[in-house]
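# Examination of the molecular architecture
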Amino acid sequence: MVTLMDKLTNPLAMLKADHAYVKQTFSRYGGTDSFTVRRLLVQEICDNLIIHATLEEDLFYPALVQFGGEEGRHFVEEAAREHEDIKNHINEVMESDVDRADFRMLIGALEERVLAHAEREEAMFPLAEDRLPLRKLARQMDIRRVQLMATVRPPSGLGIMALVLIGLGAVLFMTLRKQ
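The sections below set out a description of the structure shown in this document. None of these values were measured; they are calculated from a predicted model. (Residues numbered from 1 in each chain as written. Predicted model: local features only at pLDDT ≥ 70, side-chain atom pairs only at ≥ 80, totals over all residues. Heavy atoms only, no water.)

A tally of helices and strands in the protein chain yields eight helices and zero strands. Start at the N end of the protein chain and walk to the C end: the helices and strands fall as α-α-α-α-α-α-α-α. For the protein chain, the residues scored as buried account for 41% of the 179 residues in total. Put simply, 76% of the contacts in the protein chain that link residues at least 6 apart link residues at least 24 apart. (Helix = DSSP H or I, 4+ residues; strand = E, 2+ residues; numbered from the N terminus. Buried < 20%, exposed > 50% of the residue type's maximum accessible area, 1.4 Å probe, protein only. Contact = heavy atoms within 4.5 Å.)

Turning our eyes to something else, we now look at the packing of helix 3 (residues 35–67) against helix 5 (residues 103–122). Following both chains from N to C, one finds helix 3 and helix 5 inclined at 30°, their axes separated by 13 Å at the closest point. By the angle class used here, helix 3 and helix 5 are roughly parallel. Seen along the crossing, helix 3 lies across helix 5 with a hand that is left-handed. Every residue of helix 5 that contacts helix 3 at R38, V42, I45, L49, H52, E56 and Y61 is listed here: F103, R104, I107, L110, V114, H117 and E121. Here the contact of helix 3 with helix 5 is composed, by residue class, of eight nonpolar, two polar and four charged. (Axes fitted to C-alpha atoms, helices over the stretch in contact; angles between N-to-C directions. Parallel < 35°, antiparallel > 145°, perpendicular 65-115°, else oblique. Left-handed = near helix turned anticlockwise from the far one by under 90°. Nonpolar A, V, L, I, M, F, W, Y, C, P; charged D, E, K, R; others polar.)

The subject of this paragraph is helix 3. For helix 3, spanning 33 residues, the distance from its first C-alpha to its last is 45 Å, which sits close to the expected 48 Å at 1.5 Å a residue. At E57, helix 3 is deflected by roughly 45°, the largest bend along its length. With its phi angle positive at about 65°, G69 sits one or two positions after the end of helix 3. (Expected span 1.5 Å × (residues − 1). Bend = angle between axes of the 7 residues up to and from the residue.)

For helix 4 (residues 69–95), built from 27 residues, the straight-helix expectation of 39 Å at 1.5 Å per residue is met to within 8% by its first-to-last C-alpha distance of 39 Å. Taken residue by residue, helix 4 has G72, F75, V76, A79, E82, H83, I86, H89, I90 and V93 as its buried positions. Where the residues of helix 4 are buried, they touch helix 3, helix 5 and helix 6 (125–131).

The next thing to look at is the nonpolar core. Of all hydrophobic cores here, the largest spans 24 residues; its most connected members are F60, L64, F75, L132, L137 and M141. Those elements that provide at least two residues to this core are helix 2 (11–30), helix 3, helix 4, helix 6 and helix 7 (134–152). The element contributing the most residues to this core is helix 3, with seven residues. Those residues within four positions of L132 in sequence are excluded, and the remaining contacts are F60, A63, L64, F67 and L137. Judged by nonpolar contacts, the second largest core, of 17 residues, contains C46, I90, I107 and L110. (Core = buried A, V, L, I, M, F, W, Y, C linked by side-chain atoms within 4.5 Å.)

With that settled, consider the packing of aromatic side chains. As enumerated under the stated definition, the model contains four aromatic pairs in all. Ring centres of F60 and F125 lie 6.2 Å apart, and the angle between their planes is 85°; on these two criteria the pair is classed as edge-to-face. Pair noted here: F60 is in helix 3 and F125 is in helix 6, with a separation of 65 residues, a long-range link. Exposure class is identical for F60 and F125. Each is buried. Put simply, the rings of F60, Y61, F75 and F125 touch in pairs and so form one group of aromatic residues. (Phe/Tyr/Trp six-rings, centres within 6.5 Å; stacked < 30°, edge-to-face > 60°.)

A separate point is the pattern of salt bridges. Scanning the entire structure with this criterion turns up eleven salt bridges. The salt bridge partner of D33 is R38, with a shortest N-O separation of 3.7 Å. Measuring nitrogen to oxygen at the nearest pair gives 2.6 Å for the salt bridge that ties R113 to D85. Here R113 is found in helix 5, whereas its partner D85 is found in helix 4, with 28 residues between them in sequence. Where salt bridges share partners, they join D33, R38 and R104 into one cluster. (Salt bridge = Lys/Arg side-chain N within 4 Å of Asp/Glu carboxyl O.)

Below, the structure written as structure tokens:
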């Protein structure tokens, strides 16, 4: 099980936890017939995918290009194409009505793309673990995630509480690092 401290100090743990969360949310979507719950889960899936992809594109992939050698650069080229495809699919999902007869197929296709991409991405984690400045990258990704959460999804009461907990975790982490 990945702890909060793992997510705050290791970008690979953070990305892997994101993959697991979205996979779980897709499963919850598949397990309900309520249109209201489906709408909420679709929004949750798409918001999380947008935040996750932005973190990767802004920070993780550039680090992989810089430190990952030819293998890292090649992966990022492929991953960028996959991200573009996934983002186009997210837009199609967000513009569609959840009541549409073929909406489950549309979500199923998005799930397939996302899970295949996540699997290929996690196969690169050993290379990333060996070559990337993980602590520095984790700090950058933590800060960027908070920024994205505030812009992609306006904070609810629960969201504000999560941001406070993340902030406290970051302060605790920084305090422990100085010792």
